[in-house]
Structure formats: structure tokens, C-alpha cells
Amino acid sequence: MDKRFYITTPIYYVNDKPHIGHAYTTLACDALARFQRLDGKNVKFLTGTDEHGQKVEEAANKAGIDPQSFTDSVSQNFQDLAVRMNFSNDEFIRTTSARHKATCQKLWNILIEKGHIYLGKYAGWYSVRDEAYYTETEIVDGKAPTGAPVEWVEEPSYFFDLSKWQDKLLAFYEANPDFVAPSSRFNEIKSFVSGGLKDLSVSRASFKWGVPVPNDDDHVMYVWLDALTNYLTATGWLDDDAGYKDHWPADVHMVGKDIVRFHAVYWPAFLMAADLPLPKRVYAHGWWTNEGQKISKSVGNVIDPHALVDEFGLDQTRYFLLREVPFGNDGDFARSAMIQRINSDLANDLGNLSNRVQSLIVKNLEGVHPDMPSAPTADDRELLEACDGLLSSVRTSFSQQQFHEGLKAIWEVISRANRYVDNQAPWALKKTDPPRMAEVLAVLMETIRTCAILVQPVMPQSANSLLDQLKVPSDKRDFAAIGGARRDDLPVHIEKPQAVFPRFVEAEE
Ligand code: MSP
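None of the values given here were measured: they were computed from a predicted structure.

## Some words on the overall build of the chain
Moving on, step 1. In terms of helices and strands, the chain carries 18 helices and 17 strands.
Moving on, step 2. Relative to a compact globule of 509 residues, whose C-alpha radius of gyration would be 23 Å, the chain shows 26 Å and is just as compact.
Moving on, step 3. In terms of its C-alpha atoms, the chain occupies a principal-axis envelope of roughly 90 × 55 × 40 Å.
Moving on, step 4. Relative to its 509 residues, the chain shows a buried fraction of 58%.
Moving on, step 5. Within the chain, residue pairs in contact and separated by at least 24 positions form 77% of the contacts whose partners lie at least 6 positions apart.

## Regarding helix H2 (residues 54-63)
Side chains three or four residues apart in an α-helix point the same way, a direct result of the helix having 3.6 residues per turn.
Moving on, step 1. Within the span of H2, buried status applies to Gln-54, Lys-55, Val-56, Glu-57, Ala-59 and Ala-60.
Moving on, step 2. The inward-facing, buried residues of H2 abut strand S2 (12-13), strand S3 (42-50), helix H3 (67-84), strand S5 (117-127), strand S7 (151-160) and strand S10 (203-204).
Moving on, step 3. Gly-64 sits one or two residues past H2 and shows a positive phi near 70°.

## Description of the site of the ligand
Moving on, step 1. Close to the ligand lie 23 residues, the nearest being Ile-11, Asp-50, Gly-256, Asp-258 and Trp-288.
Moving on, step 2. Contact distances for the ligand include 3.3 Å between an oxygen atom and a side-chain N or O atom of His-22.
Moving on, step 3. Interatomic distance of 2.9 Å between a backbone N/O atom of Trp-288 and a nitrogen atom of the ligand.
Moving on, step 4. Against a free-state accessible area of 670 Å², the protein chains account for coverage of 94% of the ligand.
Moving on, step 5. Of all the secondary-structure elements, those providing two or more residues to the shell around the ligand are S2, helix H1 (20-38), helix H7 (223-228), helix H8 (230-233) and strand S13 (252-256).
Moving on, step 6. Of the residues assigned to the shell around the ligand, the class counts are 12 nonpolar, 9 polar and 2 charged.

## So, the side chain of Ser-201
Moving on, step 1. Its place among the elements puts Ser-201 in strand S9 (residues 200-201).
Moving on, step 2. Among the polar contacts made by the side chain of Ser-201, one reaches the side chain of Tyr-133 at a distance of 2.8 Å.
Moving on, step 3. In this structure the side chain of Ser-201 is engaged in a polar contact, spanning 3.4 Å, whose partner is the backbone oxygen of Ser-203.
Moving on, step 4. If we skip the residues at most four places from it in the chain, Ser-201 touches Tyr-122, Tyr-133, Ser-157, Tyr-158, Phe-159 and Tyr-222.

## Remarks on the packing of aromatic side chains
Moving on, step 1. Scanning all chains against the criterion turns up 29 aromatic pairs.
Moving on, step 2. Pairing Tyr-231 with Trp-267 gives two aromatic rings, centres 6.1 Å apart and planes at 65°, and the pair type is edge-to-face. One end of the pair, Tyr-231, is in helix H8; the other, Trp-267, is in helix H10 (residues 260-273), with 36 residues separating them in the sequence.
Moving on, step 3. On the basis of relative accessible area, Tyr-231 is assigned to the buried category, the value being 1%.
Moving on, step 4. The class for Trp-267 is buried, based on a relative accessible area of 0%.
Moving on, step 5. Consider the rings of Trp-288 and Phe-320, whose centres lie 6.1 Å apart with planes at 35°: the pair is tilted. Placement of Trp-288 in strand S15 (residues 288-290) and of Phe-320 in helix H12 (residues 314-324) is noted, with a sequence separation of 32 residues between them. Both residues of the pair, Trp-288 and Phe-320, belong to the buried class.
Moving on, step 6. Against the face of Tyr-126 rests Arg-204, its NZ or CZ located 4.4 Å from the ring centre.

## Quick word on the domain arrangement of the chain
Moving on, step 1. The domains assigned to the chain are domain 1 (4-286) and domain 2 (334-486).
Moving on, step 2. When each unit is reduced to the centre of its C-alpha atoms, the spacing between domain 1 and domain 2 is 42 Å.
Moving on, step 3. With 13 residues of domain 1 at the interface, the matching set in domain 2 holds 17 residues.
Moving on, step 4. Buried area between domain 1 and domain 2, summed over both chains or domains, comes out near 1300 Å², and the portion from carbon and sulfur atoms is 66%.

## With respect to the pattern of salt bridges
If the charged atoms of two oppositely charged side chains come close together, the side chains can form a pair.
Moving on, step 1. Scanning all chains against the criterion turns up 31 salt bridges.
Moving on, step 2. The salt bridge partner of Asp-16 is Lys-297, with a shortest N-O separation of 2.8 Å. With Asp-16 in the loop between S2 and H1 and Lys-297 in the loop between strand S16 (293-294) and helix H11 (305-312), this pair connects stretches of sequence that are 281 residues apart.
Moving on, step 3. Between Asp-239 and Arg-99 there is a salt bridge whose closest N-O contact spans 3.4 Å. With Asp-239 in the loop between H8 and helix H9 (242-247) and Arg-99 in helix H4 (residues 98-113), this residue pair connects regions lying 140 residues apart in the sequence.

## Thoughts on the pairing of S7
Moving on, step 1. The sheet contact formed by S5 and S7 spans 10 bridges and is antiparallel. Bridge pairing in S7 links Gly-124 to Val-153.
Moving on, step 2. Summarising the sheet, S7 and S9 pair through 2 bridges and their orientation is antiparallel. Directly across from Phe-159, in S9, lies its bridge partner Ser-201.

## Focus: the sheet that holds S9
Moving on, step 1. If you trace the 4 strands from one edge of the open sheet to the other, you get S6-S5-S7-S9, paired in antiparallel fashion. Looking at strand neighbours, the two that pair on one side only are strand S6 (132-134) and S9, the edges of this open sheet.
Moving on, step 2. On the sheet, H10 packs against S6, S7 and S9 and is oriented at approximately 30° with respect to S7.

## Some details on the packing of H12 against helix H15 (residues 403-424)
Moving on, step 1. As a packed pair, H12 and H15 sit with axes 7 Å apart at the nearest point and diverge in direction by 105°. Accordingly, the angle class assigned to the pair H12 and H15 is roughly perpendicular. Packed against H12, whose contacting residues are Tyr-319, Leu-322 and Arg-323, the element H15 presents Phe-403, His-404, Leu-407, Lys-408 and Trp-411 at the interface.
Moving on, step 2. A per-class count over the contact of H12 with H15 returns 5 nonpolar, 1 polar and 2 charged.

## A short note on helix H6 (residues 183-194)
Moving on, step 1. With 12 residues, H6 ought to run about 16 Å at 1.5 Å a step, and its terminal C-alpha atoms sit 16 Å apart, in line with that.
Moving on, step 2. Those residues of H6 lying buried are Arg-185, Phe-186, Ile-189 and Val-193. Along the axis of H6, the buried positions cluster into a sector of 100°, meaning they face one direction only. In H6, the exposed positions that point more than 90 degrees away from the buried face belong to Ser-183 and Ser-191.
Moving on, step 3. Buried residues along H6 sit in contact with helix H5 (166-175), strand S8 (180-181), H10 and strand S14 (282-285).
Moving on, step 4. At the C-terminal side of H6, Gly-196 shows a positive phi close to 105°.

The rules we used
Residues numbered from 1 in each chain as written. Predicted model: local features only at pLDDT ≥ 70, side-chain atom pairs only at ≥ 80, totals over all residues. Heavy atoms only, no water. Helix = DSSP H or I, 4+ residues; strand = E, 2+ residues; numbered from the N terminus. Rg over C-alpha atoms; globule rule 2.2 N^0.38 Å. Buried < 20%, exposed > 50% of the residue type's maximum accessible area, 1.4 Å probe, protein only. Contact = heavy atoms within 4.5 Å. Near = heavy atom within 4 Å. Polar contact = N/O pair within 3.5 Å; in protein donor to acceptor, adjacent residues only side chain to side chain. Areas by Shrake-Rupley, 256 points an atom, 1.4 Å probe, with all protein chains shown as cover. Nonpolar A, V, L, I, M, F, W, Y, C, P; charged D, E, K, R; others polar. Phe/Tyr/Trp six-rings, centres within 6.5 Å; stacked < 30°, edge-to-face > 60°. Lys NZ or Arg CZ within 6 Å of the ring centre and 35° of its normal. Domains from an automatic or database assignment. Buried area = accessible area lost by both parts, 1.4 Å probe. Salt bridge = Lys/Arg side-chain N within 4 Å of Asp/Glu carboxyl O. Pairing = 2+ DSSP bridges. Axes fitted to C-alpha atoms, helices over the stretch in contact; angles between N-to-C directions. Parallel < 35°, antiparallel > 145°, perpendicular 65-115°, else oblique. Expected span 1.5 Å × (residues − 1). Arc of directions from axis to C-beta.

Pasting the structure below:
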């Protein structure tokens, strides 16, 4: 098995404070990074901020601050969010760092040496909001296809010979059918490339806030060439150190659907041109709306992730975002749906189950963890087999970035356990058959342990509290601890449980 795993988020523009969309992309990566670590992989999880370009320069001017001080403060907001959301990134990269700039210049020099960059003149549309060039045919009613305003730009520019990479890109897509997911996005990319590629302008000459082009002070690099290179910077490619060979190529570049083209067309073309290996996968998730409405600053309905955590709790928010919407689809943030998930999935299904079972053990068995049945009944076996099969199905879902499916599978086992507890009625067995009661509680404890281990990637704090209650030692919480052979070295003695998943009660008006 390939033991290393390198996952990246897009790096975020520092023109504004972080919102739910940013939190969502990084959360998905965090869940996957944590999953892979628990599954025994050597993970590198990278996130950071994209600090150059006209959009950031304009935002700094508007704030009346020099761009560096401006980016320092806005980047800090993203770093604070990562802490608040309990993201486990191994590194936070900033594109204004000296190391990153040197890495961009190294890549640039290689592309120049290999003859893939030439000087010319750009005349066409540019959208500062998208930091993207658009052709005449893409313009709709005077705007970018994304609805962003465009301006006419005419300036000297360096070009990358993207047009020469069409066939090689198509051949690469053909040979790597999992390169872009979901497949609908992959189809869009293939048809875009099949339609023909024009050489890409990779420098700007009308402002200064960017990585200087080597040997030409009049130009800074196009912000997307600079930004994409961050994935290499973080591996140590600049010095060819061991980290680079250990981690490149990336296993997953997680992106939103709006920026697939940059990752699935331009980035592989740059890398091929530089003779570097290509990333294994680009996953494009969908966009959130707020109560059915497109999220926008002008509408004033931007969702602040800090406010969600304040009101609903951290793990509740993390769970909702990954459970509610099939990953890859657009999704709607509805307050009622959030409350429903908290009260039904978390407080009732998992929280109550675990409280009930532990309370019965405390009350009826003096807190001593019962032994597994020596001759399990058909019902016992059915539940235990469902538990033991869970890791492999959740692994499949997570490795395809289908987080909602993985969580659904866990909750199917939790529902099964709730039916089992009702059918077996351990509280009644207390009087009629105490040894059987102990067996039933042992099977349930095993189910709760398995589920608690498996929800760690999505709800790390709550899962830990649950595992603390079950007295599972900290070195027995990884996925190797799941399954038949491992349940026997379980502890000992538990105490009266505290609710890990409180109900959400709407504050009185
Ligand atoms: N700086 C570029 C990425 C460079 S990567 C080499 C960028 N930054 S961004 O800050 O504008 O967006 C970052 C991510 O946030 C994108 O993946 C985008 O899809 C995501 N989202 C922005 N708004 C969103 C929603 N309303 N919903 C979900 N995600 C959205 O693009």
C-alpha cells in the first residue's frame, strides 16, 4: 500500500474575510486528511492564502493600506479560522513568502528554458473578480460567464504555449479516468479542451503586486501561475529535498466547481511542460446557497463560519456541512435542516444510544464493561458484522470523496443498534436474564466504540469525548483498532456519562 497521502485546499484570496465556502473546502480536506491518518497513512495536508494579483491589490487600496500589511491581516483571519474549525493542516502557505516566490521563479525559468513561454501582447477581456481572461465568445451581455464584470486589457504579456498541449491533455484524461470528479465536471473539462486551447497570458504589466518575472522588471506573474505553484512550494521542490519526492504528486487537489479549469487544464499543462509528474485527482465540490438564495456580499447573506460554530457548536457544524449535501452537488444552508440534523442524528440517534447504554452499565453492572457474548445470537452477529464491515465501506466512500455516503453508512449501523436495543430490551433482561443483559450491553458498547472511532475525522472533539467516556486508550483509536480481534482488550470501568451531543433548543424570542 502507498503509505503517503498529500492533500491540498485551494489557497484563498485575501481580498475579504473567510466565509462558509472557504470553511467548507478546507473542512472536506480536513476530514479526508484525518481519515487517512487514522488509516495509517503519512499525510501532508496543505492550506494557505493566495495573496497576489489585481483583486487583492485593489482591496488593499480600497482599505487604504499597503498590500503587504493588508494581506498579513487578512491571511491571519484564515489562519484563525483554521484553528477555530479544528483543521489539522500540517502547513499554512502564504504566496508572499520568499520561498514561494523563489519556487515560482524556478518554475518560470524551466518553462522559459524549455521554450514554452514567449513574449507577446495581450488584447482581450479580463475579469479582476475571477482573475481570469475571457475570449470574446465567452462574454455574455458584457459580462464574464460567471457574471463578473470584465475590462478590456491591452498590454505586453508573456504567454505560455497552452495551445500545444491539447492532445497531450486529452490523452492524459483518457488514461486517467479518475483525474477529475464528479464525472460531470470532467466532461465539461474534456469538452473545453476538445474545443481547442489558446496560448495563455501568464504575466501582467499594468500593476506590481505579484511575483516578479525573472529578468523583466516590467512584469509580474499571472496570479494563477503563482497560486497553483503553491502546491509544489510546500513539498520542498525548490531545493529538490526529500520532502518533494515523498509528497509530489499530490493525491487530491480539492477545489470548488468554479476553479476546476485552472486545476484540470492549466496546472497539468504547466507541469507537463516542465516535465513534472501530474497530480492524481482534482475533486470539484458544489456551492452553498443560503436559504435558497445565492450567497453574495451585495445581498448581505454571507454566512460567517464563526457564527455557525458559536450558535450550533463546532462538530455539529462540521457534521452538518458534510452530511447534508452529497459532496459534489450544490447545497442549501437551511437553519431548519441544521437543527434537524443536530437533534435527530446527533442528539437522538448517537447521543441517546450511547448515554442509555452507558447508564445501564453504570446502574446495573457497577460500571464494569461486560464481556462479549461467548455464543452470540443471530441478532448479535448481525449487528457485529455490520460494525465490522463498516470500515471498508466508509473507506470506499471517503476515498471517492463521498463523505455523505460514509456518514450515512455509519448512521445506518447506529439505527440498527437503536432497533437492537429496543428489541433486546436490556432493562427488562435485568430482571429475567442478567447474564444476557450484560451480553447485549457488550454488543452495544462495541457498536458505539466502532462508530466513535469512525466519526473522528468529521467530529474529532466529540468523538474523543465519547472515546474518553468509553475509556478507550488513546493509542487504540485508529482504524487498526476496529474489528473482531481488537474488541477484547477493551477496558474496564466506566462512569456515569455526560451528554456529548446536546439537543439544540431555539432561544425564546
Ligand atoms: N485563490 C483562488 C484559488 C487558488 S488555488 C491555487 C480562489 N480563491 S477563493 O478564495 O475565491 O475561493 C476558494 C474556494 O472557496 C473555491 O474553491 C470556491 O469554490 C470556494 N467557495 C467560494 N464560495 C463558495 C460557496 N458559496 N460555496 C462553496 N464553496 C465556495 O478561488
